[in-house]
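Residues per chain are reported as follows:
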Amino acid sequence: MTTHSPTSPGGGAPHLERQLSNRHIQLIAIGGAIGTGLFMGSGKTISAAGPSVIFVYMIIGFMLFFVMRAMGELLLSNLNYKSFSDFAADLLGPWAGFFTGWTYWFCWVITGIADVIAIAGYSRELWPGVPLWIPGLATVAILLLLNLTTVKAFGETEFWFALIKIIAIAALIIVGLFMIFTGFQSDAGPATFTNLWSHGGFFPNEFMGFVAGFQIAVFAFVGIELVGTTAAEAKNPERNLPKAINSIPIRVLLFYVGALIILMAVTPWTEFRAGHSPFIAMFSLAGLGAAATVVNLVVLSSAMSSANSGIYSTSRMVFGLAQEGDAPDVFGKLSRRKVPQNALFLSCVLLLSGVVLMYAGQDVGKAFDMVTTVSAVCFVFVWSIILASYIAFRRRRPHLHEASKFKMPGGVAMVWVVFAFFAFVIWTLTTQPDTLVALLVTPVWFILLGAAWFVLRRRPAHQARFATFQAELQADQDFTDAAAGKAVRTGAAAEAGEERVNR
C-alpha cells in the first residue's frame, strides 16, 4: 500500500491522513475483538461445547495474541508499512501482498454479509413482519454515509459503537452477579455458579463437543487484527499500537470469558440454543423486558459496528491494492476528504448480496453459519501469512528484530505452536456437515486468485509499481535508520562530553 505519512521521504501518491487518536485506536481494537460472533454465535457454541466453551475462548484468545504481537513488531519495524498486506509483499514477495490483500478484503466482505444477515434477523425480532431487504439496505446506506466523510468520523462512530458493547457486557455481568448472589429462581433452576459443572461437568459432550466449540468461536475473534489496518491513519503508532495489542488478553478474559461464565451460571448450558442470543435471553429471564429490548438494540449496534469495521478495512485494503497495481486504478483515488470513496462504493454494493442470500435460503441461521465458516477459514489464512512474514523478517532482517522495542514473546518457536493450532482449527471444521460444506467451497476463492495473479504478475506496469513500492519502503527505512543513527551519535557525543566534564 504505497501511501505516505506526512513525514515520509517518499511522495507523489495520494496518501491517507493520521486522524485516529489513542482513544479511537483503543476502542477500535476492543470493537474488533467483540463482534457478532459473541452476541449471536455464542448460543450455538455453548449448546455444542457446554461449559468447556470457556476454555475454547481462552485458547483462541491466547493464540491470537501472538499473531497480534508478531503483526505489531512488523508494522513498527518500518512505519511506511500501512497494513499487513504491505509487509507480506515486502518480506514474502508480491504474490503474498496480492493474496493477503484480496483475501482480507474478501474476509470482510463475507463478514459484512454475515452482519447484514444478523441485522435483518434482529430487526425482524424488534419489528415483526418487516421485509428483510429494508434493514439490510438501510444499514448499508447509513454506513456508507458515515464512511464517506472523514476517517475521524469513522473513528468517532466506531468509538461509540464499541463503548455501547462494553457497557452492555458490563451490565450483563453486573445483573448476572446480582441474580446469582440473590438466589434468583427460574424454570431452569436457581442461578448459581454450580451450574457450570452440575450438568454433566465442564466437558458434558466429551472431546468432540469441545472440538465443535471452536467452529463458531473462531469467527467471534475475526476483526481482532483490525488495529493493523489503522496503522496508516493512527496518530503516534509507536505508542498507540502496542497499547492496543497488549490489552488483548484483558479484553478476552473480561468480555468473552467473564460474560460466558455469568451466562452459564444464571442459566444451565442445556437451555441455550443456536440462532438465539443468550444475552437477550438472560435479561428476559430476569424479568427486565425493557432491558431485553435494549440489549436487542445493543446486539443490533454490535452487528452495525462489525459491518462498519468491514467497510472501513475493505476500502483501505482495496485502495492499497490499487496503489500497488493489484486492483484497478479507479480504486486508488481519494476524495477531497482523503477517503477512498470508490473503494467504499465497491464494498457497499457487495454487502447488499447478504439480502439476496437470505431470500435465496429463507433461513437466517443457516445463512449466517455458512458465511461465518468461509470467513473464519480466510481469516486463518491471513493470520498465517502474518506469522510467515514474521519468520521471513527474523531471517532476513535480524538487526531490525534486535533493535525492536516491541518483540513478539516466544519468537519463532511460538509461531510454529500457533501454526499447529490453526491446523487443529481447520480440522475441527471437517467434523460437522454444515461447516465441512463451507470449508470445501472456500478453495474456489484461492483458485480464482491464483488465476488472476498468473495474468497480473506478467504485466510490466505491475512489476514497475511493485519496484516503486519496494524503493519507497527502502527509502523510508534508510531515512529511519539515518535518524536513529544520528540520535545514537548525538547521545554518544553527549555522554563523552559529560565524561570529559566529570574528569
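Treat the numbers as computed from the prediction; the structure is a model and nothing was measured.

About the cut-offs
Residues numbered from 1 in each chain as written. Predicted model: local features only at pLDDT ≥ 70, side-chain atom pairs only at ≥ 80, totals over all residues. Heavy atoms only, no water. Helix = DSSP H or I, 4+ residues; strand = E, 2+ residues; numbered from the N terminus. Buried < 20%, exposed > 50% of the residue type's maximum accessible area, 1.4 Å probe, protein only. Contact = heavy atoms within 4.5 Å. Areas by Shrake-Rupley, 256 points an atom, 1.4 Å probe, with all protein chains shown as cover. Axes fitted to C-alpha atoms, helices over the stretch in contact; angles between N-to-C directions. Parallel < 35°, antiparallel > 145°, perpendicular 65-115°, else oblique. Left-handed = near helix turned anticlockwise from the far one by under 90°. pLDDT = per-residue confidence, 0-100. Patch = residues over 30% accessible without salt bridge, like charges linked within 9 Å, V, L, I, M, F, W, Y side chains within 5 Å. Salt bridge = Lys/Arg side-chain N within 4 Å of Asp/Glu carboxyl O. Lys, Arg positive; Asp, Glu negative; His and termini not counted. Nonpolar A, V, L, I, M, F, W, Y, C, P; charged D, E, K, R; others polar. Expected span 1.5 Å × (residues − 1). Phe/Tyr/Trp six-rings, centres within 6.5 Å; stacked < 30°, edge-to-face > 60°.

1. Thoughts on the overall build of the chain
- Within the chain one finds 21 helices and 2 strands.
- Burial statistics for the chain: of 503 residues in total, 58% are counted as buried.
- Restricting the contact set of the chain to residue pairs at least 6 apart, pairs at least 24 apart contribute 83%.
- Surface exposure of the chain reaches about 19600 Å², of which carbon and sulfur atoms provide 68%.

2. Details of the packing of helix α11 (residues 248–266) against helix α12 (residues 278–285)
- Contact geometry for α11 and α12: axes closest at 11 Å, N-to-C directions at 45°. Put simply, α11 runs oblique to α12. Like other packed secondary-structure pairs, α11 and α12 cross with a definite hand, here left-handed. For the pair α11 and α12, the contacting residues are A259, I262, L263 and V266 in the first and P278, F279, M282 and L285 in the second.

3. A closer look at the environment of I262
- Turning to its location among the elements, I262 is positioned in helix α11.
- Taking the relative accessible area as the measure of exposure, I262 reaches 4% and is therefore buried.
- Once the C-alpha coordinates of I262 and A191 are considered, the two residues, 71 residues apart in sequence, prove to be 9.3 Å apart.

4. Here's the deal with the confidence of the model for the chain
- Mean pLDDT for the chain: 76, with 77% of residues reaching 70 or above.
- Helix α18 (residues 411–428) holds the highest mean pLDDT among the elements of the chain, 94, whereas helix α21 (residues 460–502) holds the lowest, 59.
- Contacts for the low-pLDDT stretch residues 487–496, under 50 throughout, to residues beyond four places or in other chains number 1 contact.
- With pLDDT under 50 throughout, residues 498–503 is counted as low confidence; its partners more than four residues away or in other chains account for 0 contacts.

5. Considerations on a nonpolar patch on the surface
- Judged by side-chain polarity, F55, M58, I59, F203 and L253 come together as a nonpolar surface patch covering roughly 410 Å² of accessible area.
- Element by element, the count of residues in the nonpolar patch is highest for helix α4 (residues 53–77), at 3 residues.
- Position of I59 relative to the elements: it lies in helix α4.

6. Here's the deal with the side chain of E73
- Tracing the chain through its elements places E73 in helix α4.
- The charged side chain of E73 is buried without a salt bridge, its nearest counter-charge being R394 at 5.7 Å.

7. Overview of the environment of P51
- Secondary-structure assignment places P51 in the loop between α3 (42–49) and α4.
- The class for P51 is buried, based on a relative accessible area of 0%.
- In this structure the C-alpha to C-alpha distance between P51 and A265, which are 214 residues apart in sequence, comes to 9.5 Å.
- Excluding anything up to four places from it in sequence, P51 contacts L196, G201, F202, P204, M264 and W269.

8. Overview of the packing of helix α9 (residues 206–220) against α18
- Where α9 meets α18, the axes come as close as 9 Å, and the angle between the chain directions of the two elements is 100°. Comparing the axis directions of α9 and α18 gives the class roughly perpendicular. Facing F207, M208, V211, F214, Q215 and V218 of α9, the residues of α18 in contact are F421, F424, V425, W427 and T428.
- When its residues are assigned to classes, the contact of α9 with α18 shows 9 nonpolar, 2 polar and no charged.

9. Focus: α4
- Helix length check: α4, at 25 residues, gives a terminal C-alpha distance of 36 Å against a target of 36 Å (1.5 Å per residue), a fit within 8%.
- Most of α4 is tucked away: 20 of the 25 residues are buried.

10. A short note on the pattern of salt bridges
- Under the defined criterion, the tally for this structure stands at 1 salt bridge.
- Here D90 makes a salt bridge to R397, at a shortest N to O gap of 2.8 Å. Of the two residues, D90 is situated in helix α5 (residues 84–92) and R397 in the loop between α16 (364–396) and α17 (398–403); the sequence distance between them amounts to 307 residues.

11. Here we look at the packing of aromatic side chains
- In total, this model carries 27 aromatic pairs according to the counting rule given.
- Aromatic pair F106 and W445: ring centres 4.2 Å apart, planes at 10°, arrangement stacked. Of this pair, F106 sits in helix α6 (residues 94–126) while W445 sits in helix α20 (residues 443–456), and the two are 339 residues apart along the sequence. Just as F106 is buried, W445 falls in that class too.

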